[in-house]
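Fold and contact review
What follows is the residue order along each chain.
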Amino acid sequence: MSEIILDWNKYLDKAAEVCAEGAVLLRNEGGVLPISRNDRIAVFGRIQLNYYKSGTGSGGMVNVSKVTGVVDGLKELGAKIDDELLETYKAWVGDNPFELGEVWGGEPWSQKEMPLSDELVSAAADRSDIAVVIIGRTAGEEQDNTADEGSFLLSKGERDMLKTVRKHFAKVAVLLNVGNTIDMSFVDDFSPDAVMYIWQGGMTGGLGAAKVLLGDVSPSGRLPDTVAYSITDHPSDKFFYGKEKNCYGEDIFVGYRYFETFAKDKVRYPFGAGLSYTDFEVSAKGSADAANGTVLITAGVKNTGIAGGKNSVLVYCSAPQGSLGKPARVLCGFDKTKTLAPGESDTLKIEIPFSAFASYDDSGVSGHAYAWVLEKGCYRFYAGGDVRSAQEVFSFELDEDVVTEQLSQTLAPVESFERMVGGGDEPRFEPVPLSKNSEEEKRLSHLPKALAQTDGEIKLTDVVSGKNTLSEFISQLTDDDLCCLVRGEGMCSPKVTPGTAAAFGGVSERLSKLGVPCGCCSDGPSGMRLDCGTKAFSLPNGTLIASTFDKALVEELFALTGLEMSANKVDCLLGPGMNIHRHPLNGRNFEYFSEDPFLTGSIAAAELKGLHSAGVEGTIKHFSANNQETNRHNIDSVVSERALREIYLRGFEIAVRQGNARSIMTTYGKLNGLWTAGSYEQNTELLRDQWGFDGFVMTDWWANINRRGGDADKSDLAAMVSSQNDVYMVVADSVSNPDNLKAALADGSLTRGELQRSAENILSFLMGTHAMERIIGTGDTVKVINKPDDDTDENAGSEVFELDGKTVIDLTNVKTGRNSQYSFTLDVRKLGFHTFKLTASSKASKTAQMNVTIYSLGTPFGTFTYNGTDGEPVSFTTGNVPLFSRYSIIRLHFSLGGLDLISLEVENVQPF
Ligand code: BGC
């Protein structure tokens, strides 16, 4: 056992490097960027004080000690800021506080802007050399964007700001602190000299952006999505808005696949676009090795400009149209140089397997039904930056069709709709091929053999040491044991790290006695969410990470995240999120990477590699086709098998096959009529039999399940296990959960062999975790150093109070202080809406303002301002707070000291 050090400062540096590399500069007229340190910068937009570190919901709920916004970053790097303007904003923001929204999914997409008078802006222009205008957006879980002002479009306040600033400043740079692409018609309307997407960069995002603004780093990010002139130009726009059902009529023509094939003139900025402060000359050549089924592109990159910088080279393939019809170009490889000094060169060798540019025939039209196929003809390869301008490097001919993988029909739709097809100048539509299968028949013909039950006391440690086999261990498990194993407990189970999303595995006393560890899962893609208030590292968002096109850098960052997880005893991060940016309005796009599946899969694989280096796991999610938040629990995504294989599943496949993913989360919604948590075709046939996945699968939290034709039923864990979705997330109590497992075993609709198979998936996974090492007494420890305000409190949230209708918690011993908090766990026996009545007194002055915010599971449900009370008790009561999880972590946050707490009364006012 040794001690590994995680240096927080190095972690911050690495994340800032990622943020700088993920910034995408799209316009730089007259070279207004970078900004000289001699120039004074006037920063406009309230976002200079309210930087969005991420989007909302589980993917963004990381408690941080400090967020470095753009102005903080600029100051840290010694830039000259117009402080007078900054002070004006500070005063205005003080009077117009950031609106958080009161409920989950309730935070507005944007915030009110400070109105600007001509006098104010012209005075700022007299004092300064350049204006930097920051526009911010958020969205997230249960909250899609809308195509309205203040969401996808700029608000009136933002437009007024741009207009006035443009009028008075000779140089204007716009920064977009957003989750994914937004409408960019403001470029036509206000002609800013520079425009850069800085995305949402986590706790140190502003520093990364500032490095680029000041030229310490030359921008090298590229767009992971196409920016069209209008939202309605997006091929998915005609099909996106369905509430009950969403037929993916654009089929494989998502993003640039559509625009480059059928609608080049609709593109404002193409996929892969991104400027630099320097110039690069790329000279590439290519060759094909038919015997090995690979193409090799060798790209020499020379920095011919005057600044140092990195350059990524993207390789696109144009396949013959054949009978299948193909997109004009498809990304099939990419790599990035090191930082090249002016005059310096680097050579990138990009190896591309034939499978990366094969097409899937889901109808048999090519003569190769249900196979990945390269139709005969000429394959051309283009290398460069954006998809439009990449230059042809090399081509080769195939005289015959080549089948790269023969599969069988899986996950095809069961209802007809028309899908877009290529092959001509205009898109055509044709009826989609339908499923010829029955999941139930497939399942029944592949039932695993049950292990005979034995009486034993074998410990899991005996399996790890090689004394016994895993089969021997599983044979001795009773039905009760097996049922417990497939029930994940949460949220905030006291059996694992406080404030996390789930515990699974050794959740019962007996399993624990048998040496089964409890695995701990914590959200999410942008860093650990610890609802008890413990601070963690907030990472850049998925769109930003993808924009770096830098796999090595991403891996390095996630190696540090892996160490942070180890230090906090977290085994599975609930991320990366890797659904496709099918449409710009999806609220969770910020958690995901790109409209392109190859980029998505490659970046996810890089994150996983980093996490694996620290012995922890990333849970790739949401499997699959989770492309909108509206009605996410019930929406039916109706998608052709080809679009699934080529677009929506492709990234997952890369993460499994190349990234060795061992933990997957299914979706809330339905795919082709079936909730994915019970989809045998998805969770067994495709994932395990075809892709070779050997890990475990969990549901999303409180997900619906059904069998074909049946209604949604959260208690149908039998259907879940039959499909080989191994763990239900989450139940209140694994031992006594009211589900149908026992009844299904009794009536034969679930076999013991199936339950044992899931047990094997879960236990094999757990045996490789640090949780297992802790039981055995092996494994390294991780020590975090230089973490500011290190409040890591092992006891946070560990006090548990039972709540059966009503309880009064004595708070007289709880100390309040500036920026302090107190958290505890409620063991909620009757779920429902509750009120919280806080009683406290204070001897501070009548005008003192002491704010207390009450959080449940990380979401704020009310901020109360106490003034001095002359020592008399004063009470405030929240509105109705939903307590939907048996273990609910409650946190009280105190902005200042001076309060004498008395009690907190919690009462169930409306059971669910
Ligand atoms: C989200 C998941 C998340 C889970 C646990 C769900 O609402 O969809 O992505 O990991 O909650 O917080």
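The structure this text deals with has already been given above.
This report concerns the structure included in the present document. Worth saying up front: this structure is predicted, and the values here are computed from it rather than measured.

Quick look at the pairing of strand β40 (residues 859-866) now. The element β40 is largely enclosed, with a buried count of six among its eight residues. In this sheet, β40 lies alongside strand β39 (residues 850-856) in antiparallel orientation, the contact comprising six bridges. Its bridge partner being in β40, Tyr855 is matched across the sheet by Pro860. Linking β39 to β40, which pair antiparallel, is a turn of two residues; within it Leu857 sits at a positive phi near 45°.

Right, let's talk about the pattern of salt bridges for a bit. All chains considered together, the criterion is met by 60 salt bridges. Close ionic contact of Lys156 with Asp160 constitutes a salt bridge, the shortest N to O distance being 2.9 Å. Here Lys156 pairs with Asp160, and both are found in helix α5 (residues 156-168), just four residues apart, close to one helical turn. Using a relative accessible area of 54% as the deciding quantity, one classes Lys156 as exposed. For Asp160, a relative accessible area of 35% translates into the label partly exposed.

So, about the sheet that holds strand β19 (residues 391-398). With antiparallel pairing, the four strands of this open sheet are ordered in space as β14-β13-β18-β19. The strands lining the two open edges of the sheet, one partner per strand, are β14 (330-336) and β19. Mean inter-strand twist for the sheet, computed between neighbouring axes without regard to direction, equals 20°. Bridge count for strand β13 (residues 312-318) against strand β18 (residues 377-384) is five bridges, and the pairing is antiparallel. By the bridge assignment for β18, Val315 is matched with Ala383.

Before going further, it helps to examine the sheet that holds β40. Backbone hydrogen bonds hold the strands of a sheet together, and the pairing may be parallel or antiparallel. Pairing is mixed in the open sheet, where five strands are placed in the order β35-β37-β43-β39-β40. With one partner strand each, in any of the chains shown, β35 (800-803) and β40 form the two edges of the open sheet. Direction aside, neighbouring strands of the sheet carry axes that sit 25° apart on average. Where β39 and strand β43 (residues 887-894) come together, five bridges link them in antiparallel fashion. Residue pairing in the sheet places Ser856 in a bridge with Ile890 of β43.

Cut-offs and rules
Residues numbered from 1 in each chain as written. Predicted model: local features only at pLDDT ≥ 70, side-chain atom pairs only at ≥ 80, totals over all residues. Heavy atoms only, no water. Buried < 20%, exposed > 50% of the residue type's maximum accessible area, 1.4 Å probe, protein only. Helix = DSSP H or I, 4+ residues; strand = E, 2+ residues; numbered from the N terminus. Pairing = 2+ DSSP bridges. Salt bridge = Lys/Arg side-chain N within 4 Å of Asp/Glu carboxyl O. Axes fitted to C-alpha atoms, helices over the stretch in contact; angles between N-to-C directions.

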